[in-house]
Amino acid sequence: MSAERTSPRFERVIGTVLRTGVALSSTCLMAGLLLSLATGGGAPAAFLLNAGIIILLATPVTRVIVSTVEYVIERDWGFATLTFIVLLELVASAVAALVFNRKL
Amino acid sequence: MPAVTATLALIIFTAGTIAGGLGALLGLGGGVFLVPLLNLVLGFPFSAAAAISLTTVIATSSTVSAGRAGKQLINMKLGMLLEVATAAGSFLGGVTAQFVSQSLLQRLFGVVAVIVALIMLSRLRHRNVILDPAADSGVLGGRYHEHESGCTVTYRVKRLPLAVAASFVAGNVSSLLGIGGGIIKVPVLNAWCGIPLRAAAATSAFMIGVTATAGAIIYYGHGQLEPALAAAAVLGVQLGSWGGMKFGAAASTKWLKILMAAVLFIVSAMMFMRGGR
């Protein structure tokens, strides 16, 4: 593992990922909520709301993927492995969600 | 769960604004206030309250960390290492939550609310810094510029296994109860692992997004997350924490902390009464 601290450039990339994710998801959630209240539900409102939630959930996941790629590029294999394990744990949550959805 | 109406959306938006504002003022995520509001006051099932709260935790973590990224205050390497433990804890908590009863979760929340209140009342304020800019911070340590003192703060991470264990427990509690879990990690990182309070809080807030996501995915996939209500809560919390950070800097938080600790004791008692039935 390299003793180098996280570079300011890498920190800014992560900041951009997080900021973009929140902005996109908040926009979808607000549009979906207003549309759902105005029309009493319906497919377009449900689509926007679910898109907002999925983008919100995908934001930290994307941040972990970007970090893994960055550490691979830096050849920092220790941290590449750690971030990849975090990614696998998030995938495990998604798999668990699918299993519960089927069974119950 | 109640049907989604404009009134309910407005109530949840307001509850989110209050929880987000209090959270920002107290340096918490706000989930510890939002979950009891949804569960005890509005009568949502505990799992639905936890699911909504976790989505607000993700939004807060992403917003706060986006603003701090590039300033070296977040210790990203330490955060990413500890995320291995919080995400594992959170995954297990999210799975466990599907099998345990609501009354057990309420009693557990009652215990955690008391712990949060006690931590809030007796917050340790060690500095744990090496004021030598040339000092070696080690692989996981950090270095950042502190505006208040004008100094470069360098620190080393001590007792890493303890930090890992605290992160696992925080992750577990987070997805079981729908709170961020920073209140468990930050005091441990600060008091025992040598990390300055501001770096500990920033690093914890950074990790919480991943922690809450591991839990929220399970609730969402299981159909326990109502997207319209989550939307109202997320937007409310965003507004509240923005307001809290904008206007909170000048406010004295001492009396607010005492008041909120009292609120948490009441929340705890109510959770025990509901959970005991």
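Everything numeric here is computed off the predicted structure, so don't read it as measured data. (Residues numbered from 1 in each chain as written. Chains lettered and ligands numbered in written order. Predicted model: local features only at pLDDT ≥ 70, side-chain atom pairs only at ≥ 80, totals over all residues. Heavy atoms only, no water.)

**Here we look at the packing of helix H2 (residues 43-73) of chain A against helix H3 (residues 46-68) of chain B**
Close contact between H2 of chain A and H3 of chain B brings their axes to 10 Å; oriented N to C, the two are set at 50°. Taken together, the axes of H2 of chain A and H3 of chain B are oblique relative to one another. For the crossing formed where H2 of chain A meets H3 of chain B, the hand is left-handed. Contact residues: Leu56, Leu57, Thr59 and Pro60 of chain A in H2 of chain A; Thr55, Ile58, Ala59 and Ser62 of chain B in H3 of chain B. (Axes fitted to C-alpha atoms, helices over the stretch in contact; angles between N-to-C directions. Helix = DSSP H or I, 4+ residues; strand = E, 2+ residues; numbered from the N terminus. Parallel < 35°, antiparallel > 145°, perpendicular 65-115°, else oblique. Left-handed = near helix turned anticlockwise from the far one by under 90°. Contact = heavy atoms within 4.5 Å.)

**Considerations on the packing of aromatic side chains**
With the rule as written, the count across this model stands at four aromatic pairs over all chains. Through pairs of rings, three or more aromatic residues link up here, namely Phe10, Tyr71 and Phe79 of chain A. The ring of Phe206 of chain B carries Arg63 of chain A above its face, with NZ or CZ at 3.9 Å from the centroid. (Phe/Tyr/Trp six-rings, centres within 6.5 Å; stacked < 30°, edge-to-face > 60°. Lys NZ or Arg CZ within 6 Å of the ring centre and 35° of its normal.)

**Topic: the interface of chain B and chain A**
Contact with chain B, which involves 57 residues of that partner, is made by 49 residues of chain A. Interface of chain B and chain A: buried area, both sides summed, is about 4300 Å²; carbon and sulfur atoms make up 72% of it. With a shortest N-O distance of 2.7 Å, Arg63 of chain A and Glu83 of chain B are connected by a salt bridge. Looking at the side of chain B that touches chain A, the elements that each hand over two or more residues are helix H1 (6-26), H3, helix H4 (76-97), strand E1 (142-146), helix H8 (197-221) and helix H9 (227-248) of chain B. With eleven residues, the single largest contributor to the side of chain B that touches chain A is H8 of chain B. The residue inventory of the side of chain B that touches chain A, partitioned by class, reads 34 nonpolar, 18 polar and five charged. (Buried area = accessible area lost by both parts, 1.4 Å probe. Salt bridge = Lys/Arg side-chain N within 4 Å of Asp/Glu carboxyl O. Nonpolar A, V, L, I, M, F, W, Y, C, P; charged D, E, K, R; others polar.)

**Description of helix H10 (residues 254-276) of chain B**
Residue and element names in this part refer to chain B. Across its 23 residues, H10 extends 33 Å between first and last C-alpha, which sits within 8% of the 33 Å expected from 1.5 Å per residue. Of the residues making up H10, those classed as buried are Leu256, Lys257, Met260, Ala261, Leu264, Val267, Ser268, Met271 and Gly275. If you follow the buried residues of H10, they end up packed against H1, helix H2 (31-41), H3 and helix H5 (102-121). (Expected span 1.5 Å × (residues − 1). Buried < 20%, exposed > 50% of the residue type's maximum accessible area, 1.4 Å probe, protein only.)

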